[in-house]
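# Descriptive analysis of the structure
Each chain, letter by letter, is given below.
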Amino acid sequence: MAKLFRAAIMGPPGSGKGTISRRIAQSFGLQYLSSGHYLGFNLLRPRFSAGVLVKTYVERGMLVPDHVMTRLMLPRLEQVIGHSWLLDGFPRTLPQARELNNLCQLDMVINLTVPFETLKDRLSERWVHPASGRVYNMGFNPPLVEGRDDITGEPLIHHDDDKPEALMARLRIYKDVAKPVIDFYKSLGILHSFSGTDTDRIWPYINTVLTNKMDTPHSDARQTQ
Ligand code: G5P
């Protein structure tokens, strides 16, 4: 049996984590687990008791408390114990990274760095299909029909936390909390950083590093949104 591979991707809001994660999942067959998508999905479920609290944080661009996030995400990882996976958006803080490390050790952490102005431009033009998490950008990967998801034809939405005020808060918070997480993974020797303004230029480097790290064969990168 091929060795299991566990990775996480981190980077500021709009750095392309979701876009690159989908390419990785498609090319390398990893299960894709997104904390943002999982939070959004749970907010739609009446049985999710922390829903109101979580909504307040997300809408303001603030981080959801660590204990809520670990209670949401760690059981999810236990469900995919026999699979290789890629985590997007978790862990976000040092306490989350430590809790995750107690449950399982990651093989690789991908760290994206993208200039601030680029992030602002991208997010102001982002449209999302809420049910699937598919993202579009009016310049980079526009939907086939304006305002509609390519696969289902359902309406696309602009997230409240992509609006300017929440966006600035998210970018500020990211700067503060990411550094200790980056240092933690650096100290474990598993951090790989990739910088640039274009996802399509960063992607071949990520593809090469992953190919070298994983035993499984890979297919060519493909845009999957
Ligand atoms: P999320 O959902 O984890 P963020 O804020 O980290 O959200 P986000 O905004 O989803 O990250 P991304 O995934 O890094 O961004 O980027 P993306 O969606 O792939 O790309 C952004 C846009 O740029 C898209 O429109 C895409 O098409 C376009 N794009 C990509 N590449 C290019 C390019 O090369 N050129 C151009 N022109 N466009 C491009 O977290 C949301 C909230 O949930 C909570 C927090 O409140 C958080 O704010 N949360 C947590 N709280 C605490 N702990 C955690 N672990 C949490 N996880 C989530």
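Below or above, wherever it landed, is the structure these notes cover. By convention here, each chain's residues receive numbers from 1 onward along its written sequence. In keeping with the predicted nature of the model, local features appear solely for residues at pLDDT of at least 70, side-chain atom pairs appear and are counted solely at 80 or more, and the whole-chain, interface and lining totals rest on all residues. Side-chain numbers here rest on the full set of heavy atoms in the structure, without hydrogens or water.

### As for the overall build of the chain
For the chain, the count of helices and strands is eight helices and seven strands. When the 225 residues of the chain are sorted by exposure, 48% land in the buried category. Of all intrachain contacts in the chain linking residues separated by at least 6 positions in sequence, the fraction that spans at least 24 positions is 74%. Summing over all exposed atoms, the chain offers an accessible surface of approximately 11900 Å²; the carbon and sulfur share of this is 54%. What counts as a helix is a DSSP run of H or I of at least four residues, what counts as a strand is a run of E of at least two, and both are numbered from the N terminus. Type-normalised accessible area, obtained with a 1.4 Å probe on protein chains alone, sets the label of each residue: buried when under 20%, exposed when over 50%, and partly exposed for intermediate values. The contact rule is simple, with two residues in contact once any of their heavy atoms fall within 4.5 Å. Each accessible area is a Shrake-Rupley estimate made with a 1.4 Å probe; only the visible protein chains count as cover when residues are assessed.

### Thoughts on unusual backbone geometry
Glycine aside, negative phi is the norm for most residues, and most peptide bonds take the trans geometry. Residue Pro 91 is bonded to the preceding Phe 90 through a cis peptide linkage, with omega at 0°. Relative to the helices and strands, Pro 91 is located in the loop between strand E3 (85–88) and helix H5 (94–103).

### Quick word on the pattern of salt bridges
A pair is scored as a salt bridge if a Lys or Arg side-chain nitrogen falls within 4 Å of a carboxyl oxygen belonging to Asp or Glu. Within the structure shown, the criterion is met by eight salt bridges. Here Glu 117 makes a salt bridge to Lys 120, at a shortest N to O gap of 3.6 Å. Remark: Lys 120 and Glu 117 occur in helix H6 (residues 116–124); sequence separation between them is three residues, near one turn of the helix. A salt bridge links Asp 149 to Arg 134, with the shortest nitrogen-to-oxygen separation between them at 2.9 Å. Placement of Asp 149 in the loop between strand E6 (135–137) and helix H7 (164–188) and of Arg 134 in the loop between strand E5 (126–128) and E6 is noted, with a sequence separation of 15 residues between them. Look at the salt bridges and you will find they share partners, linking Arg 126, Asp 162 and Arg 170 into a network.

### Focus on the site of the ligand
Near, as used in this document, describes a residue that has one of its heavy atoms within 4 Å of the molecule or strand being considered. Taken together, 33 residues form the shell around the ligand, and within it Thr 19, Met 62, Arg 126, Arg 170 and Thr 199 come nearest. Contacts to the ligand include Ser 35, whose side-chain N or O atom sits 2.7 Å from a nitrogen atom. A 3.5 Å cut-off defines polar contacts: any pair of N or O atoms within that distance qualifies, except that in protein one atom must be a possible hydrogen donor and the other a possible acceptor, and neighbouring residues in sequence count only when both atoms are side-chain atoms. The side chain of Arg 126 places a nitrogen or oxygen atom 2.5 Å from an oxygen atom of the ligand. Considered on its own, the ligand offers 1100 Å² of accessible surface; in the complex 92% of this is hidden by protein. Broken down by secondary-structure element, the contributors of at least two residues to the shell around the ligand are helix H1 (17–28), helix H2 (35–43), H6 and E6. Polar here means any residue outside two lists: the nonpolar Ala, Val, Leu, Ile, Met, Phe, Trp, Tyr, Cys and Pro, and the charged Asp, Glu, Lys and Arg; Gly therefore counts as polar. In terms of residue class, the shell around the ligand is built from 13 nonpolar, 13 polar and seven charged.

### Brief notes about the packing of H6 against H7
Two numbers describe a pair of packed helices, the interaxial angle and the distance between the axes. The contact between H6 and H7 brings their axes to 11 Å, and the two run at 145°. Considering only the axes of H6 and H7, their crossing is right-handed. Two secondary-structure elements touch here, H6 through Phe 116, Leu 119, Lys 120 and Leu 123 and H7 through Leu 167, Met 168, Arg 170 and Leu 171. Taken together, the residues that form the contact of H6 with H7 break down as six nonpolar, no polar and two charged. Axes, fitted as lines to C-alpha atoms, cover a helix only where it is in contact. Angles between the N-to-C directions of the axes lie from 0 to 180 degrees. The crossing is said to be left-handed when, going from far helix to near helix, the turn is anticlockwise and less than a right angle, and right-handed when the turn is clockwise.

### Considering the side chain of Arg 126
Topologically, Arg 126 is positioned in strand E5. We classify Arg 126 as buried; its relative accessible area is 19%. One polar contact links Arg 126 to Asp 162, side chain to side chain, over a distance of 2.8 Å.

### Comments concerning the nonpolar core
By size, the foremost hydrophobic cluster in this structure holds 31 residues, and its most contacted members are Trp 85, Leu 87, Leu 100, Leu 106, Val 109 and Tyr 185. Elements with a contribution of two residues or more to this core: strand E1 (6–10), H2, helix H4 (66–79), E3, H5 and H7. If we ignore the near neighbours within four places in the chain, the residues touching Leu 106 are Arg 6, Ala 7, Ala 8, Trp 85, Leu 100, Tyr 185 and Ile 190. We define the nonpolar core as a collection of buried residues of types Ala, Val, Leu, Ile, Met, Phe, Trp, Tyr and Cys that are connected through side-chain atoms lying within 4.5 Å of one another. Ala 7, Leu 30, Ile 202 and Leu 210 belong to the second-largest nonpolar core, a separate cluster that totals 17 residues.

### A word on H6
For the α-helix, the turn length of 3.6 residues means that residues three or four positions removed from each other point alike. Of the residues making up H6, those classed as buried are Thr 118, Leu 119, Arg 122 and Leu 123. One face of H6 carries all of its buried residues, which in axial projection span an arc of 120°. On its buried side, H6 packs onto E5, E6, H7 and helix H8 (199–213). In this context, the arc is that of the directions from the helix axis out to the C-beta atoms.

### A look at empty space enclosed by the protein
As defined here, a cavity is a set of points on a 1 Å grid over the protein atoms alone where a 1.4 Å probe fits but cannot get out. A pocket is an open set with protein on both sides within 12 Å along at least five of seven lines, and residues line them when an atom is within 4 Å of a point. Grid points are joined across faces, edges and corners, and a volume is the space filled by probe spheres set on the points. In this structure the tally under the stated criterion is one cavity of 30 Å³ or more. Its volume calculated, the largest cavity comes out at about 50 Å³. Looking at the largest cavity, the residues that line it are Ile 9, Met 10, Gly 11, Lys 17, Gly 89, Phe 90, Pro 91, Arg 92 and Tyr 174.

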